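This is what each chain is made of:
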Amino acid sequence: MLKKTLEWTIPLALAGIMTGCATYRPPAQIQSAVATVNRHTPEYVTEANKALREVGHPDAERLTGVGLRLQTAVDTLDQWANGSN
């Protein structure tokens, strides 16, 4: 009986948690802050990557990749925060 109860309870609890996460919207101040960061991140990443290439930094390729992933992450966070998934 306990096993059967757990077999039903765990999936239902996980479904409820996932539904809550999917519908939760952050406060307006957080949305605004993320949008501001997202607006400026592409420029910062572009400038940083350009500087890395110009000075011939030994880790330029790795750091350029980190910057591009950061830009993608901030953009994704902005889409979630502002409800445009």
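**Focus on the packing of helix α2 (residues 28–55) against helix α3 (residues 60–81)**
And then number 1: The N-to-C vectors of α2 and α3 enclose an angle of 165°; their axes lie 9 Å apart at closest approach. The angle between the axes of α2 and α3 places the two elements in the roughly antiparallel class. The two elements α2 and α3 meet at a crossing, and its hand is left-handed. Each of Q31, V34, A35, V37, N38, T41, P42, V45, N49 and L52 in α2 lies in contact with α3, whose residues at this interface are A60, L63, T64, G67, L68, Q71, V74, D75, L77, D78 and A81.
And then number 2: Looking at the contact of α2 with α3, its residues break down into twelve nonpolar, seven polar and two charged.

**Remarks on the confidence of the model for the protein chain**
In low-pLDDT regions, the fine details of the predicted coordinates are not to be read closely.
And then number 1: For the protein chain, the mean per-residue pLDDT works out to 82, and 81% of the residues sit at or above 70.
And then number 2: Confidence, expressed as mean pLDDT per element, reaches its minimum in the protein chain at helix α1 (residues 2–23) with 66 and its maximum at α2 with 90.

**Observations regarding the side chain of T41**
And then number 1: Mapped onto the fold, T41 is located in helix α2.
And then number 2: Once residues lying within four places of it in the same chain are set aside, the contact partners of T41 are Q71 and V74.

**So, a nonpolar patch on the surface**
And then number 1: A grouping of I10, L14 and I17 is seen on the molecular surface, where their side chains present a nonpolar patch of about 300 Å² in accessible area.
And then number 2: With respect to the element layout, I17 can be found in helix α1.

**Overview of the environment of A28**
And then number 1: Relative to the helices and strands, A28 resides in helix α2.
And then number 2: Among the residues examined, A28 registers a relative accessible area of 59% and is labelled exposed.
And then number 3: In this structure, the C-alpha to C-alpha distance between A28 and N82, residues 54 residues apart in sequence, is 8.9 Å.

**Section: the pattern of salt bridges**
And then number 1: Applying the stated criterion across every chain, the model contains one salt bridge.
And then number 2: One salt bridge in this structure joins R62 and D59, with 3.6 Å as the shortest N-O distance.
And then number 3: Judged by relative accessible area, D59 falls into the partly exposed class, the value being 34%.

Parameters at a glance
- Residues numbered from 1 in each chain as written.
- Predicted model: local features only at pLDDT ≥ 70, side-chain atom pairs only at ≥ 80, totals over all residues.
- Heavy atoms only, no water.
- Axes fitted to C-alpha atoms, helices over the stretch in contact; angles between N-to-C directions.
- Helix = DSSP H or I, 4+ residues; strand = E, 2+ residues; numbered from the N terminus.
- Parallel < 35°, antiparallel > 145°, perpendicular 65-115°, else oblique.
- Left-handed = near helix turned anticlockwise from the far one by under 90°.
- Contact = heavy atoms within 4.5 Å.
- Nonpolar A, V, L, I, M, F, W, Y, C, P; charged D, E, K, R; others polar.
- pLDDT = per-residue confidence, 0-100.
- Patch = residues over 30% accessible without salt bridge, like charges linked within 9 Å, V, L, I, M, F, W, Y side chains within 5 Å.
- Areas by Shrake-Rupley, 256 points an atom, 1.4 Å probe, with all protein chains shown as cover.
- Salt bridge = Lys/Arg side-chain N within 4 Å of Asp/Glu carboxyl O.
- Buried < 20%, exposed > 50% of the residue type's maximum accessible area, 1.4 Å probe, protein only.

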